[in-house]
2 protein chains.
Amino acid sequence: MKFETDPIVTERIKKIGKKVTDEILTGEPPTVNLPVRASSNVHYNKQEGLLYLGNSMSSRSFLNFAHTRKFMQTMLIASKCKELIEKSKTASIRELYYELKHNISGTKENTFEGQDESDPLIEDLETMTDSLREQLHLKADSSGILFGKLIIEDMGDRIDCSKLGKSGLAIPSIVDDYKFLKCDADYVLVVETKAMVDRLVEEKFHLKNNAILVGLGGQAARGARRLIKLLNERLKLPVYVFTDGDPWGYYIYSVVKTGSMNLAYESKRLATPQCRFLGMTMKDIDHFGLQKVTEKLKDVDKKRIKQLLSYEWFNKPQWIKELKSMLSKDARIEQQALASKSLEFVAREYLPGKIAGKDFID
Amino acid sequence: MKFETDPIVTERIKKIGKKVTDEILTGEPPTVNLPVRASSNVHYNKQEGLLYLGNSMSSRSFLNFAHTRKFMQTMLIASKCKELIEKSKTASIRELYYELKHNISGTKENTFEGQDESDPLIEDLETMTDSLREQLHLKADSSGILFGKLIIEDMGDRIDCSKLGKSGLAIPSIVDDYKFLKCDADYVLVVETKAMVDRLVEEKFHLKNNAILVGLGGQAARGARRLIKLLNERLKLPVYVFTDGDPWGYYIYSVVKTGSMNLAYESKRLATPQCRFLGMTMKDIDHFGLQKVTEKLKDVDKKRIKQLLSYEWFNKPQWIKELKSMLSKDARIEQQALASKSLEFVAREYLPGKIAGKDFID
C-alpha cells in the first residue's frame, strides 16, 4: 500500500537515523528526543475542542544504561517502519513484534521479550515523527461497520456502500487510502452498538434518510475514528453520535469528538470536534416515557460519572446537567431500550425527530 | 426479512400455543415439554462427528408455582417470535427483552427483570421448535469478515466479495437468506484472527489461490458458523481452519467442526464436520524453526489443554499427540508468529505448502 505521506514520513525517520549516526561519528552519545506522553502533559485546547500533548520533552540516550535497551528497540522499530514504507507493505503491531524479536548475537538476550515492550515504542515513534501509526504502515485492530450512499475506491475496487445488503462494509484499520468517489448522503450517524445498526438497516433508515451509518461495536477503533474524521473533513458531512445513555457511551462520544488521553498526540488526525451528541439522554427517559426500561447505576457507573465530571472537556452546562441528572435519577438507559416503544420507533420517530429539531448536545 | 422456513416455524409455535389453550379449555394444567439442555444431556455422535442433545425431557407447568413465571415468559417470547415472523421483522435478543419488559397490570411485578431471564428461554424455544434462533427472526451479536471470489445476493443487492478492497464484507448474524450467485473459489479458509486475514488480503492470497477467507476475530459467532456450513453444504467447498497453536485456537476449530456444548441442539445446523485443521501445530515449531517465537503456557492454558483431552471429540491419536506435545514442550504459538520468517511467508509458503501436501488434522 502507498500513502501520500510516505515520502514525508520516510524523511522524518531518516532524520532521526542521521542524527544518531552523526553523533556516533563525532563521538557524542547517540540520543533521541521525544515528547512526554504522560497525562501530566495532556492538555485540552478549549478553542479547538481537542486534547493535545504539551511541550514537555524527554530524551533517550544510548550511553545511559537505563535507556540502552529501549534505545536499541527504538532504532529497530524505526528501521523496520522505514523498510515497510519502502516495500509498500503494512504490518500489524503484533507482526512487527514477531518480525523484530530475535536473539542478539553473542548474548543470551532477545531484542524484545513481549509486545508490551514494542507497543509503547511505536507510540514514541508516532510522536517523534508526528505521524499516525497507519502512516508508519502499522495496523491496529480493526472494528466497525459502514452502510450508506457512499461509493469508495479501496485498492482499486469500487465499493458502493448502499449496495451491501444487511451485511455492510467492514471498516479496516487503514482508511487513509480510501478515495470517496461519490456521496449522496447528508450526514454521518455514528452508532455505538452493531445491533442498533442492524435495526436501522432493517428499517432502511440509511437509504430513506440519506445517512451514512458507522457502527462502532463499543469503543471506536482507530480506523473508524479516522474514517469519521475523513467523512467530516473531506465530504463536509455533519456527524451525529448515538450511544447508550451511560458514562461509557458518553465517553465513546468524547473520544470521537475530542480525542483520547492515551493517544492525545493523535487527536488532530483522529478526532472530529464538530461532531454532536444526539442521544440517549436523561431527558429522553421522561420525554418518551422510558422509566420502566432504565437500569440502576452500578458503583462502577457512578465512579465513572464522577470521573467524567472532572474532565475539562465535559465541563459544559449541558453535560454537567446530563451527568448529574444520571446520578440523581440513578438511571442509565440503552439504545435498544427504545424497542420498548416498538421496533420501528427509533428509525421512524426518535432519530428523525432529534435531527429535524437539532436536539443535540455539543 | 423472509425465510424459507417461516411457515414451518410458525406452525411449530402455533402447535405449542394450541396445546396450551386446549389444556386450559379442558381444565388440565397448561404445560410445555422441552428437551433438557444440561451437559448431562449432551452426546457426541462419533459417526456424524457432531454434538447432539440427548432424549431427556423436562416439562414446565403453569400451575407449578416454581414454574409459573418462566411459563408466562416462555409464552411471551413464543408469541413475540410468531409476530416477528408474520411481520417479516427481525430483532436482536436485547431488543426482544426490551420489547417484552413491562409491568404486569394489577401487580408490582415486571414480566422480565433482566436479559438473563429472556436469553435462556430463547434457547428453550429453539429446542422446542427445533429451529435456529435466526429462524425465529432473532439476531445474535455478529462478528466476522469475508473476502473471496464469491458473489452473494443479500436483500436484493449483488455483492462481489472479490471487489471489496482490503475492507471486506461484514458477516451479519443472519445469513440463511444469502443467495450464492457465483463462486470461483476452490476452498474456504477460516482464520482465527482478523489481523491474519489482513495479512492474507495484503498478499492477495485469496485472489491468487481462489480461496474464500472467513475471519472470525476470536470465537466464531453464530452467523459466521452458519455461513461456513452453508458454503460447505451448498457450494461443496472444502473448509480448512487456521488458528493459533493453543488450546483456545483448537477449541475454536472444534466448535466450527463439531458444535459447542452450550448450543448442542444446533450443531446440525451450525457445525461443519467435514472441516479440517490446518495449523498452527506443535510440529510447525520444529519444522519451521519457530522456537524463538513461542510462548510459555500459563496455568489457564494447561488447565484448558487437560479439559480438551477429556472431551470425546478430541480423543483421536493426532489430537492427543498434539495436546500432549504442547504440554511437554511447554509452548504455544500464534498465527502471527510466522511473521518472524517474513511477512510474506504465511501466504507464499506456509499455507500453500500445507494445502498442497494435505497436511491436516481431522
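Residues numbered from 1 in each chain as written. Chains lettered and ligands numbered in written order. Predicted model: local features only at pLDDT ≥ 70, side-chain atom pairs only at ≥ 80, totals over all residues. Heavy atoms only, no water.

Visitor: Describe the overall build of chain A, and please don't skip the residues or the numbers.
Guide: Scanning chain A for helices and strands turns up 13 helices and 15 strands. In terms of overall size, chain A behaves like a compact globule, its C-alpha atoms giving a radius of gyration of 23 Å where 362 residues would be expected to give roughly 21 Å. Dimensions along the principal axes, computed over C-alpha positions, put chain A at roughly 75 × 45 × 40 Å. The long-range share in chain A, meaning contacts at least 24 apart out of those at least 6 apart in sequence, stands at 72%. Of the roughly 15000 Å² that chain A leaves accessible, carbon and sulfur atoms contribute 51%. Between the centroid of the 57 positive side chains of chain A and the centroid of its 51 negative side chains there is a distance of 2 Å. (Helix = DSSP H or I, 4+ residues; strand = E, 2+ residues; numbered from the N terminus. Rg over C-alpha atoms; globule rule 2.2 N^0.38 Å. Contact = heavy atoms within 4.5 Å. Areas by Shrake-Rupley, 256 points an atom, 1.4 Å probe, with all protein chains shown as cover. Lys, Arg positive; Asp, Glu negative; His and termini not counted. Charge placed at Lys NZ, Arg CZ, Asp CG, Glu CD.)

Visitor: Which residues make up the relation of the copies chain B and chain A, and what are the values?
Guide: Turning chain B through 180° and shifting it by 0.0 Å along the axis lays it on chain A, with an RMSD of 0.0 Å. Each copy turns onto its partner about a two-fold axis. Interface overlap between copies is the fraction of interface residues in one copy that are interface residues in the other; for chain B against chain A it reaches 100%, indicating a shared surface. (Least-squares fit on C-alpha atoms with pLDDT ≥ 70 in both.)

Visitor: Describe empty space enclosed by the protein, with residues and values.
Guide: For the coordinates displayed, the defined rule picks out six cavities of 30 Å³ or more. Quantified by volume, the largest cavity comes out at close to 130 Å³. By residue class, the composition of the lining of the largest cavity is seven nonpolar, seven polar and four charged. Roughly 90 Å³ of internal volume is contained in the second largest cavity. Residue lining of the second largest cavity: A:M1, A:T90, A:K139, A:P172, A:S173, A:I174, B:K166, B:D198, B:V201 and B:E202, and that is the complete set. (1 Å grid on protein atoms, 1.4 Å probe; cavity = no way out; pocket = protein on both sides within 12 Å on 5 of 7 lines; lining within 4 Å. Points joined across faces, edges and corners; volume = space filled by probe spheres on them. Nonpolar A, V, L, I, M, F, W, Y, C, P; charged D, E, K, R; others polar.)

Visitor: Pulling in residues and values, what's your account of the sheet that holds strand 8 (residues 150–154) of chain A?
Guide: Residues and elements named next belong to chain A. Strand order in the open sheet formed by three strands is 9-8-11, and the pairing between neighbours is antiparallel. Looking at the sheet topology across the chains shown, the edges are occupied by strand 9 (157–160) and strand 11 (179–183). Neighbour to neighbour, the strand axes of the sheet diverge by 20° on average, direction disregarded. Pairing of strand 8 with strand 9 involves four bridges; the strand directions are antiparallel. The residue of strand 9 that forms the bridge with I152 is I159. (Pairing = 2+ DSSP bridges. Axes fitted to C-alpha atoms, helices over the stretch in contact; angles between N-to-C directions.)

Visitor: Please provide a residue-by-residue account of the pairing of strand 2 (residues 42–45) of chain B, values included.
Guide: Residue and element names in this part refer to chain B. Side chains V42 and Y44 project from strand 2 onto a buried face, and the interleaved H43 and N45 project onto a face without burial. In terms of strand pairing, strand 2 meets strand 3 (residues 50–53) through four bridges, oriented antiparallel. Bridged to N45 within strand 3 is L50. (Buried < 20%, exposed > 50% of the residue type's maximum accessible area, 1.4 Å probe, protein only.)

Visitor: Help me get a handle on the side chain of A:T111, residues and values and all.
Guide: In this structure, A:T111 sits in the loop between helix 3 (93–100) and helix 4 (115–129). Leave out the neighbours within four places in its chain, and A:T111 touches A:R69, A:M72, A:Q73, A:L76, A:L100, A:K101, A:H102, A:I104 and A:E117.

Visitor: For the domain arrangement of chain A, give the residues involved together with the corresponding values.
Guide: Residues and elements named next belong to chain A. Domains assigned within chain A are domain 1 (6–139) and domain 2 (145–356). Counting the surface lost from both domain 1 and domain 2, the interface buries some 2000 Å², and carbon and sulfur atoms represent 61% of this. Put simply, domain 1 and domain 2 have four salt bridges between them. The salt bridge involving E48 is made with K268; its shortest N-O contact spans 3.7 Å. Our count for the domain 1 to domain 2 interface comes out at seven residue pairs in polar contact (both at pLDDT 80 or more). Elements represented by at least two residues in the side of domain 1 that touches domain 2 include exactly strand 2 (42–45), strand 3 (50–53), helix 4 and strand 6 (138–139). (Domains from an automatic or database assignment. Buried area = accessible area lost by both parts, 1.4 Å probe. Salt bridge = Lys/Arg side-chain N within 4 Å of Asp/Glu carboxyl O. Polar contact = N/O pair within 3.5 Å; in protein donor to acceptor, adjacent residues only side chain to side chain.)

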